[in-house]
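Architecture and fold: a report
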There are 2 protein chains.
Amino acid sequence: MDKKSARNKKELILKAAEHEFMANGYEATKTTQIAERAGVTHAMVHYYFQTKENIFRKIYEDKIDMLKDPILAIVESKDLELPQRIDAIIETHFDFLKANPELPYFLMGEIRNNPVFIETLKDRIGDVIAKSCKKLQVELDDYINRGIINSILAEDLVMNIVSLNVFTFIAISVTQSHERDDNKINLLLEQRKREIKETINRRIIKTEKQA
Amino acid sequence: MDKKSARNKKELILKAAEHEFMANGYEATKTTQIAERAGVTHAMVHYYFQTKENIFRKIYEDKIDMLKDPILAIVESKDLELPQRIDAIIETHFDFLKANPELPYFLMGEIRNNPVFIETLKDRIGDVIAKSCKKLQVELDDYINRGIINSILAEDLVMNIVSLNVFTFIAISVTQSHERDDNKINLLLEQRKREIKETINRRIIKTEKQA
DNA sequence: ATTTTGTTTAACAACCCTGTTAGACATTGC
DNA sequence: GCAATGTCTAACAGGGTTGTTAAACAAAAT
């Protein structure tokens, strides 16, 4: 069972690498660390992937693509009214972050040290965002003209949602870094989600008075 | 002129170090880099500061203290009505970030790699924030009970403001990293500031219809 | 003037990190 | 069986990084 153990080791290395990269970022992660966590000699790491950058690419390309899905979720689901859909967008985006809580942190770090990373990011999801914004603006304008919602730019709305959502998880990483009480964090997150929806809702909805 | 040149060199090293740390973070900054930028031999860096961590401490302790001022600005200035004061808080906080645009980025990075950094941060400004929140909550409750503003938790309000403000500068760092057109960035920032005030305002103010 | 003290340099030691390589060992195909 | 190929290890080379040190140099103190 050589091939099996081989595939297994490659997997182990990838998993270990993902963990280390996510936790410490590219720069701070050492191939020896990855090897240790994977339980293999560090020569193995280079045998399978040659360079540290190779390992990193394999992982982050997948991660970047993952970002597309929640963005595209914004554009889909035409069956709901716009305000309800925006609500759903917040929910989807927030839950995506909840499922990948280290992602904002990770991206933040890589964006800082990896100029290449920024370029790849822009190439891979920049146009998706731009297109989504344009589409959203058309819909927004329709509702604005019909006097249903307040005047707002799509970029501002998206920026507001992303800011509020993403920053929640950055703050959690900072303040609750040792906290092990998942239940407590969960309650905190649900509270924030409600608050964010409320804030965005009040920003756009024209007629008033909801509890 | 030995003492003068000495103080000068120490200053040069500190300035160079600040620049490098801000740009690349602790891990990625090398003492040789600092020496090079300061225009001294790298032995000088160790002569004056012994260790890289020492240099870092000197700088970030100042920076962390800088964070206090805009927070305390929240509590002061009792002469205005609460909604106007919250407006002023946003303005002050935003302008503080504008004057120190690399700070969010820098803190983000250090928070990630320096567990000690988080502790220092908590020690130095954690209680200031907690106290400010408590004070703010009392005032908020007063306005809420009088039916002037919507029900909201002080922590949520603060979190909303900080999220929207800080994330603006993180986003700028990412998307406009090469951009040299300060005027364009300035317009973008003013637009964001207006939008953030609008969003927070609509979140808290009960009676409606303002342009 | 000379001792003491502080500044500066060049060279170096120790360490860690990435990546390679020679050779051992196992597996597969013929 | 045996050749070819793939997996694996231990050892190492090369390069960079932090921090030290001996010795030169300058200034200040006595």
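Description of the structure in this document. Computed from a predicted model, the values in this text were never measured in an experiment.

This part takes up the pattern of salt bridges. Within this structure, the stated rule accounts for 25 salt bridges over all chains. A salt bridge links Asp 95 of chain A to Lys 193 of chain A; the shortest N-O distance between them is 3.0 Å. Here Lys 193 of chain A lies in helix 9 (residues 182-204) and Asp 95 of chain A lies in helix 5 (residues 82-99), a separation of 98 residues in the sequence. A relative accessible area of 30% places Asp 95 of chain A in the partly exposed class. A relative accessible area of 7% places Lys 193 of chain A in the buried class. Taking the shortest distance from any N to any O, the salt bridge between Arg 192 of chain B and Asp 156 of chain A comes out at 2.7 Å. Note that Arg 192 of chain B is positioned in helix 9 (residues 182-204) and Asp 156 of chain A in helix 8 (residues 154-175), a pairing that runs across two chains. In this structure, Arg 192 of chain B and Asp 156 of chain A share a single accessibility class: buried.

Within this structure, the stated rule accounts for 12 aromatic pairs over all chains. An angle of 80 degrees between the planes, with centres 5.0 Å apart, marks the rings of Phe 21 of chain B and Phe 56 of chain B as edge-to-face. Taken together, the residues span a long stretch of sequence, with Phe 21 of chain B in helix 1 (residues 2-28) and Phe 56 of chain B in helix 4 (residues 52-75) at a distance of 35 residues. Neither residue differs from the other here; Phe 21 of chain B and Phe 56 of chain B are each classed as buried. Put simply, the rings of Phe 21, Tyr 26, Phe 56 and Tyr 60 of chain A touch in pairs and so form one group of aromatic residues. Taking NZ or CZ as reference, Lys 52 of chain A lies 4.6 Å from the ring centre of Tyr 26 of chain A, over its face. Above the plane of the ring of Tyr 143 of chain A lies Arg 146 of chain A, whose end atom (NZ or CZ) is 4.7 Å from the centre.

The subject of this paragraph is the interface of chain A and chain B. Tallying the contact residues gives 44 residues for chain A and 44 residues for chain B. The junction of chain A with chain B conceals about 3800 Å² of combined surface from both sides, 56% of it contributed by carbon and sulfur atoms. There are four salt bridges connecting chain A and chain B. A salt bridge links Arg 203 of chain A to Glu 195 of chain B; its shortest N-O distance comes to 2.9 Å. Connecting chain A to chain B are 12 residue pairs in polar contact (both at pLDDT 80 or more).

What follows deals with empty space enclosed by the protein. As enumerated under the stated definition, the model contains three cavities of 30 Å³ or more in all. Lining the second largest cavity we find Tyr 105, Met 108, Gly 109 and Arg 112 of chain A together with Tyr 105, Met 108, Gly 109 and Arg 112 of chain B. Mapped by element, the contributors of at least two residues to the lining of the second largest cavity are helix 6 (103-113) of chain A together with helix 6 (103-113) of chain B. Each residue belonging to the lining of the second largest cavity can be placed in one class, and the counts come to four nonpolar, two polar and two charged.

The rules behind each value
Residues numbered from 1 in each chain as written. Chains lettered and ligands numbered in written order. Predicted model: local features only at pLDDT ≥ 70, side-chain atom pairs only at ≥ 80, totals over all residues. Heavy atoms only, no water. Salt bridge = Lys/Arg side-chain N within 4 Å of Asp/Glu carboxyl O. Helix = DSSP H or I, 4+ residues; strand = E, 2+ residues; numbered from the N terminus. Buried < 20%, exposed > 50% of the residue type's maximum accessible area, 1.4 Å probe, protein only. Phe/Tyr/Trp six-rings, centres within 6.5 Å; stacked < 30°, edge-to-face > 60°. Lys NZ or Arg CZ within 6 Å of the ring centre and 35° of its normal. Contact = heavy atoms within 4.5 Å. Buried area = accessible area lost by both parts, 1.4 Å probe. Polar contact = N/O pair within 3.5 Å; in protein donor to acceptor, adjacent residues only side chain to side chain. 1 Å grid on protein atoms, 1.4 Å probe; cavity = no way out; pocket = protein on both sides within 12 Å on 5 of 7 lines; lining within 4 Å. Points joined across faces, edges and corners; volume = space filled by probe spheres on them. Nonpolar A, V, L, I, M, F, W, Y, C, P; charged D, E, K, R; others polar.

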